[in-house]
Structures are given as C-alpha cells and as structure tokens.
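Close look at the chain arrangement
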Amino acid sequence: MKASAGFSFQPPRHRFNPAAADIYLMRGVLFDAEYVDETREMRLWLKSGERVFSAVEGSFIPRFFVEGEDPEKLARVVEKIEIRENGRIIRPVSVRTVEMKRLGNTVKVLEVVPEQPKDIQTLRRFIREMPGVRQIYNYDIPVSKHYLISCGLTPMDGAEVEGEMRGSEVILSAPPKPVRLAVPKLSMISFDIEVYNPAGSPRHEKDPIMMIGLAGDDGFRRVLTWRRFPTKLDFVEVLESEKKMIERFVEIVRERDPDILLGYNTDFFDFPYLRERARILKVKLALGRDGSEIVARRRKFATATRVRGRIHIDVFAMVDFLATIGSIRLVHYTLENVYKYLLGKDKPDFEFTKFVEAWEKGGEAWERLLVYNLSDAVAALELGHELLSLFLELSKIIGQVPFDVVRMTPGQMVEWLLIAEGFRRDELIPARPVAETYEERLEETYTGAYVMEPVRGLHENIVVFDFRSLYPSIIVTHNIDPSTINCSCCAGTGERVPDLPYHTCRRRRGFLPEVVEKILKARFDVKKRMKDLDRGSHEYKQLNAKQWALKIIANSFYGMLGYPKARWYCKECAESVTSFGRHYIKWTIRMAEEAGFRVVYSDTDSLHCLLNGKSRNEALK
DNA sequence: AACTGGCGGGG
DNA sequence: GTGTACGCCAGTT
Ligand SMILES: [Mg+2]
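Note that the structure is predicted; figures quoted are calculated from it, not measured.

**Brief notes about the packing of helix H9 (residues 363–398) against helix H15 (residues 538–561)**
Between H9 and H15, the shortest axis-to-axis distance is 8 Å and the interhelical angle comes to 55°. Between H9 and H15, the angle falls in the class oblique. The two elements H9 and H15 meet at a crossing, and its hand is right-handed. Taking contact as the criterion, the partners of Ser-389, Leu-390, Glu-393, Leu-394, Ile-397 and Ile-398 in H9 are, on H15, Gln-542, Ala-545, Lys-546, Trp-548, Ala-549, Leu-550, Ile-552 and Ile-553. A class-by-class count of the residues in the contact of H9 with H15 yields 10 nonpolar, two polar and two charged.

Structure, rendered in structure tokens:
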C-alpha cells in the first residue's frame, strides 16, 4: 500500500465474513502513545496531513523472562504458580523455554506471559524467591513503552493501523506496523498564567489566577482576564470571573485543537496551579482531544501533566536538558535569559512584586502586565518552536514519544535506545538496579581522573582540545562493552587498556560498540548529505537537528556507563574509556610540545595549549 | 576561609 | 522510574 498525500484513508475491505464490521487500513505519524491502567487499553495517537486519529489496542500483554539453573524443570514449577490477591487468582497464561541473548551469548530462559500487565510485578516477586532462579529480565519496562518496542514502532515515524472505525478511533484488529512517513506539520499553542500574589508566593487555595495568555503558531494571540479595567489592547478578552476565564481557556484550546500544548515551567507551576484553581472552582480541565481531563503524572521532583491526544511540552525541561549537556550555560534559566540567549531578542519584564498593585489599581501598570503576560506565552512558543526539531529527532532515534523525551536525561535516552536495539537482537533487558546494588555501585571508587598541574599565570591565545568528543569512537574502536571487558575468552590475548589491569575482547563485537557505531555512521551520513545543501534551506535545518541529536546520543554513552542507576552500568568500561582518552591526550601533549606549542593545562577530557604565535590551524594539525 | 545544605524554574 | 548535575548562595563554624 502506498501512502497518499494527506489522510491515507483506505476504502473498507471486507473480510471473509460479510457480516463483519468494515475494516479500515490507515497510516499516520505516531506522535503519542499511552497505556490506561483502568481500561487496560493501549492508545496510539497519529497524524496524517491535517487529520488526527487514534488507535486502540485492548489485548497487549507484555512478557518477561526468567533465567534459572534448569530451565525445563523451572518451567514445570512456574506454570503451576497461583497467587491469590484481592480475591483474584494470579497465574501465568503461558510459560515456555526460549533462546534469548545476554550480552551476545545465547541463553535458555523461561518466557512468562501474565494474564494482565499489572500481574507482572506480583509474579516476578514470587518467582524471585524460588530456588534455582538466577535473574529476571524485561519486567520493569512500562507497558506503553513495551508496546511500542515490541511492535517495532518509532514515534515521529509512520504506523499502519488496521481495524474497525469507532468515531475517529480505530479499534485495532492486528498489531500496528511500522512504515516510513514524513512528519506532518504539528500545530502549537503556548500558554502562561499570572497569579495574584499578595503574600509573595501565590497560595493556590486563595490567590486567583489573574490572567491566561495564549499564543499560537498560526499567529493567534489572546490574553484572558476577569478584571474590567479600560484598555485598548485588542488581544484582551475580559470574562466575568476566574471560573469563566478558565472555562474559556479550555474552550479555546479545544476549538483551536493544537497538537502541541506548551509553556515555560508548566510542569512545575502553571499546570499544577491551574489544576488546583480548577478543582476549587469546579471547572473540568478537559483539554484532551477526546474530551478527557488532564492527568498529573508524578515523576522525579515535579509532576508532568499529560493531555490526551496532545504533546504537552514544558520548554523549561528542554532548556534544562540543554544545560546539563553543556549546550547552554547561564547562571539563571529564566524565560527572559533563555529567550535572549537562544533567540537574541529582548522581551518585556515585569517585577512580580508589582503584580498586586497592577491588579488592584489598573492603569498603565495593568496594561504592561497584559503585554508582559502575552510576551511570556509568545517567548515560550518561539523557544519551543526553535527546539522542537531537535527533540523530535531525539524521539525518533531512541524510539520514545516526544512527551517523555523532552523530560528525559541523556542517560535515560541512551538506555531506551539500548532497550529498543536489544529487542531487535533478542537481548534480555537487565532490570534497573535495586537500592542495594545502587548503594554498592556508589561505593565503588574510580581510578583517579587525570589532571595536569596547571602552569600558573594569565594565558592568552589559548587553544582548547576537548577529548570528550573522542569517547564514542573510543568505545567503538576499542570494543568497550560490559560483555567484552575482561572477557574470559581473551585473557592474556585481548586488547590491553592503558594503565589499567583490563583488556577488551578481540573475538566478539560488543553490543554497545555496535549501537554506538550505528549512531556515528548515521551522523556521518547526515553530515555528508548536508554538504550539498543550502544552509538556509528547510532540509538543511532538519538534517542539522538530526546530526545534533545523534551527536548528543553518541556522547551520552560514556556518562551512562558510569551512572550507578543505569541498566548497562559498567565501572570498568567507563574507566577504560577515560584511560584510552588520557592515553590520546598524553600523546597529543607530546606531539604539541614537539611542534613548539606549550601545554598549560590538561585534565581528563581537555587540553589547553598556548599558540606561541602560531595559528589555530597549525595547532589543529 | 572553609564548610554544608538547598536550590534552580514559575509567581 | 518521587531516575540528574553542579554551580551558586546563604547560613553556619
Ligand atoms: Mg508570565
């Protein structure tokens, strides 16, 4: 089947039974996926041209694996498990022995299929205590992520769905299939609230929301408020009360129906506050595409708000990510600072201590507050627009939905990529470490990072070499992987790691080096394609976002290896990477000094050297 | 001066 | 996945 432009809508195809409902075959770009616990339904959100539709699957059951001393014997015991819990008997639906891989080695394990996704934890806790059980795998992968990975679906790429139509949703009659499809334009609306704050910090139980600013990527501009001071500003819409204002906000979002809803710090402030006010005022925050209310999801320190059928992006989360990887360096990541830094533009500011006066007295300050509120919504929109392509590319590379990707750390991104790549190779997915393992890993000491005693004084004309960029290729070239480090097959014959009693395998290629190489190759190809393109073209910018995303992912493998909560944590691997890095640095220092440069400082991953009147290009040689 | 602990972003 | 990191500042000793 060929994808048509716009909505790829196929004529009904009758099955053998003419009485059966019409079966539709549709294609769209997958932009969100969610599992709903209560209904046990998996829902995919897709867009094709202008049309948005969803696909529902009610029968997906993730499976997990058990490694034991005697798989056949273990299987006979596990299939008889019956656990009574809340008046229900929990038992595996199917237990069989299968061949899987653990870091490239074939292992015979049990595949256990539960009756319901939530039974996994009960069964796993029971099986863990059984004699002869060594490891359990694939049990801690959230259902919606498990579903996408098992189906091989990639967000921000196409999916072909087949099933009966019910309104604008497809009831899946077969597993969705991945297809290649270009991302259609995603519409965006940004919003920002300003809150009455006589006590300094707003208290949600008594301090009302004064106004809600909205900005759409179609040029839509609006400020909703419920204070009737005279103003000539044409974007202002005055409502009767705070309650009416929130209801109007919901109405506008539903009417304009954006694919992406965004703001600055909305996870931490705007949505939680809006939610509390809506609860007190008895307004349903039914912002979902299916009319559903927003859902606050607890995660790390804030809550992430899910809006069904739309991608809620907190631009601050994107900015925070860029700060952690060192792409942005600011002291304070305020909207104003970030806007100035990334887009080079100033925006109006308003002292939050002056909000109360403006709200009570009106006049010039009131109008400035309205303008300020809109400018916040516009700034978040522009920033979101600027950063979107990077995060959509990251989403496509690692195979997780944009909603999650914009809130992930670099280490998490690498891990999801490895999980997806692991599935493709029938690799068993190690569980996230339990608290005890984590503590142990924290205790482990690392061989000291290299720091050269700096040459004191104020140096000018310095050139800095950053060796972190070498880490991905070090992993590939020296085959650094949890399965290849100090392998028993190459004891004495493997590749020696400089200054450490470690070696890497020469006989088998590691899982990580394979994945890193794939990423590096993809980036190389993208950069090659970019050479023939006009720098101002849309395609160039798209490819640039892709190569940047690939670079971020490649550079994050090393960090993941040393992160004690990582599934593929490997202290020896991380040490080996930096050791090879240091080896190259020392070699470079020697070369630099022989060429007449003076090295003034060097640490684990950088080299600072004086130009001594030579040019930058000479230094690069 | 050297330390510890908490915070950031929003209003 | 109540899964980050790390520089800065205020408040100690
Ligand atoms: Mg604001």
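**Things to note about the sheet that holds strand E18 (residues 260–263)**
Strands in a sheet are paired, the pairing made by backbone hydrogen bonds, and the direction either parallel or antiparallel. Spatial strand order, E17-E16-E15-E14-E18-E21: six strands in an open sheet with mixed pairing. Pairing within the sheet leaves two strands with one partner each, and these edge strands are strand E17 (236–238) and strand E21 (311–314). Strand-to-strand, the axes of this sheet are offset by a mean angle of 20°, without reference to chain direction. Of the pairings in the sheet, the one linking strand E16 (residues 221–225) to E17 comprises three bridges and is parallel in character. For Thr-225, the partnering residue across the bridge sits in E17 and is Val-238.

**Some words on H9**
Here H9 is 36 residues long and its end C-alpha atoms lie 51 Å apart, about the 52 Å a rise of 1.5 Å per residue gives. The sharpest bend along H9 measures roughly 45° and falls at Leu-388. Once H9 ends, the next one or two residues include Gly-399, with phi positive near 80°.

**Description of the coordination of the magnesium ion**
On the protein side, the magnesium ion has Asp-192 (OD), Glu-194 (OE) and Asp-376 (OD) as donor atoms, found 2.0 to 2.1 Å from it. Mapping the donors of the magnesium ion onto the primary sequence yields the spacing D-x1-E-x181-D. Of this pair, Glu-194 sits in strand E14 (residues 188–195) while Asp-376 sits in helix H9, and the two are 182 residues apart along the sequence. There is no split in this pair, since Glu-194 and Asp-376 are both buried.

**Examining the protein's contact with DNA strand B**
Near DNA strand B there are 21 residues, and of these Gly-200, Ser-201, Asn-265, Leu-335 and Phe-355 occur at the shortest range. Among the atoms of DNA strand B close to the protein, meaning within 4 Å, 65% are from sugar or phosphate groups. Within the side chain of Glu-194, one N or O atom sits 3.4 Å away from a phosphate oxygen of DNA strand B. One nitrogen or oxygen atom from the side chain of Ser-201 is found 2.5 Å from a base nitrogen belonging to DNA strand B. Mapped onto the surface near DNA strand B, the elements with two or more residues apiece are E14, helix H5 (266–281) and H9. A total of four residues in the surface near DNA strand B trace back to one element, the largest contributor, which is E14. Considered class by class, the residues forming the surface near DNA strand B number 12 nonpolar, six polar and three charged.

**Details of the domain arrangement of chain A**
As far as domains go, chain A holds domain 1 (8–60 + 148–179), domain 2 (64–140), domain 3 (188–384) and domain 4 (410–620). Computed from C-alpha coordinates alone, the two centres of domain 1 and domain 3 are separated by 33 Å. Approximately 840 Å² of surface area, both sides summed, lies buried where domain 1 meets domain 3, with 49% of it carried by carbon and sulfur atoms. Summed over the three residues of domain 1 that lose the most area to domain 3, namely Phe-31, Glu-34 and Trp-45, the buried surface amounts to 54% of that side. Where domain 1 touches domain 3, the interface holds four salt bridges. Among the ionic pairs, Arg-308 bridges to Glu-34, the shortest N-O distance being 3.2 Å. Counting only elements with at least two residues in the side of domain 1 that touches domain 3, the list comes to strand E2 (23–36) and strand E3 (41–48). Per-element accounting of the side of domain 1 that touches domain 3 gives the leading share, six residues, to E2.

**Quick look at a positive patch on the surface**
A surface patch of positive charge is lined by Lys-527, Lys-528, Lys-531 and Lys-551. The element best represented in the positive patch is helix H14 (residues 511–531), accounting for three residues. Positionally, Lys-551 belongs in helix H15. Overall, Lys-551 belongs to the partly exposed group, its relative accessible area being 37%.

**Overview of the protein's contact with DNA strand C**
Close to DNA strand C lie 13 residues, the nearest being Arg-298, Glu-415, Trp-416, Arg-432 and Tyr-563. The sugar-phosphate share of atoms of DNA strand C within 4 Å of the protein amounts to 36%. In the model, a base oxygen of DNA strand C is placed 2.7 Å from a nitrogen or oxygen of the Trp-416 side chain. Interatomic distance of 3.0 Å between a side-chain N/O atom of Arg-432 and a base nitrogen of DNA strand C. Mapped by element, the contributors of at least two residues to the surface near DNA strand C are helix H6 (315–324) and helix H11 (410–424). Per element, the largest residue contribution to the surface near DNA strand C is three residues, and it comes from H11. The class makeup of the residues in the surface near DNA strand C is four nonpolar, three polar and six charged.

Criteria and thresholds
Every chain's residues receive numbers from 1 upward, in the order its sequence appears when written. Here every chain gets a letter starting at A, and every ligand a number starting at 1, in the order they are written. Thresholds applied to this predicted model are a pLDDT of at least 70 for local features of residues and 80 or more for the giving and counting of side-chain atom pairs; totals over whole chains, interfaces and linings are not thresholded and use all residues. Calculation of side-chain values draws on the structure's entire complement of heavy atoms; hydrogens and water are dropped beforehand. Note on method: axes are straight lines fitted to C-alpha atoms, helices fitted across the in-contact stretch only, with angles between N-to-C directions ranging 0 to 180 degrees. Strands here are runs of E lasting at least two residues and helices are runs of H or I lasting at least four, both read from the DSSP assignment and numbered beginning at the N terminus. Roughly parallel covers angles under 35 degrees, roughly antiparallel covers those over 145, roughly perpendicular covers 65 to 115, and oblique covers all other angles. Crossings are classed by handedness, with left-handed meaning an anticlockwise turn of the near helix from the far one by less than a right angle and right-handed meaning a clockwise turn. Working rule for contacts: check all heavy atoms of both residues, and any pair within 4.5 Å makes them a contact. Nonpolar residues are Ala, Val, Leu, Ile, Met, Phe, Trp, Tyr, Cys and Pro. Charged residues are Asp, Glu, Lys and Arg, and all others, Gly as well, are polar. One bridge is not enough; two strands pair if DSSP finds at least two bridges between them. A helix's residues, less one, multiplied by 1.5 Å, set its expected span. At any given residue, the bend is defined as the angle formed between two axes, one fitted to the seven residues that end at that position and one fitted to the seven that begin there. Each metal site is built from N, O and S donor atoms within 2.8 Å (3.2 Å for Na, K and Ca), and since water is not included, such sites may look incomplete. Note on classification: 1.4 Å probe, protein chains only; a residue is buried when its accessible area is under 20% of the maximum for its type, exposed when over 50%, partly exposed between these limits. Proximity is defined per residue: any heavy atom of the residue falling within 4 Å of a molecule or strand makes that residue near it. As used in this structure description, the phrase polar contact means that two N or O atoms lie within 3.5 Å; if the pair is within protein, one of them must be able to donate a hydrogen and the other to accept it, and residues adjacent in sequence are counted only when both atoms belong to side chains. Domain ranges listed in this record stem from an automatic or a database domain assignment. Buried area: the accessible area, evaluated with a 1.4 Å probe, that two parts lose upon being put together, summed over both parts. By convention in these notes, a salt bridge is any Lys or Arg side-chain nitrogen within 4 Å of a carboxyl oxygen on Asp or Glu. Patch building starts from residues that exceed 30% relative accessible area and form no salt bridge, then joins like charges within 9 Å and nonpolar side chains (Val, Leu, Ile, Met, Phe, Trp, Tyr) within 5 Å. The method behind every accessible area is Shrake-Rupley, applied with a 1.4 Å probe, and residues are considered shielded solely by the protein chains displayed. Residues counted as positive are Lys and Arg, residues counted as negative are Asp and Glu, and His and the chain ends are not counted. A charged residue contributes its charge at one atom only: NZ of Lys, CZ of Arg, CG of Asp or CD of Glu.

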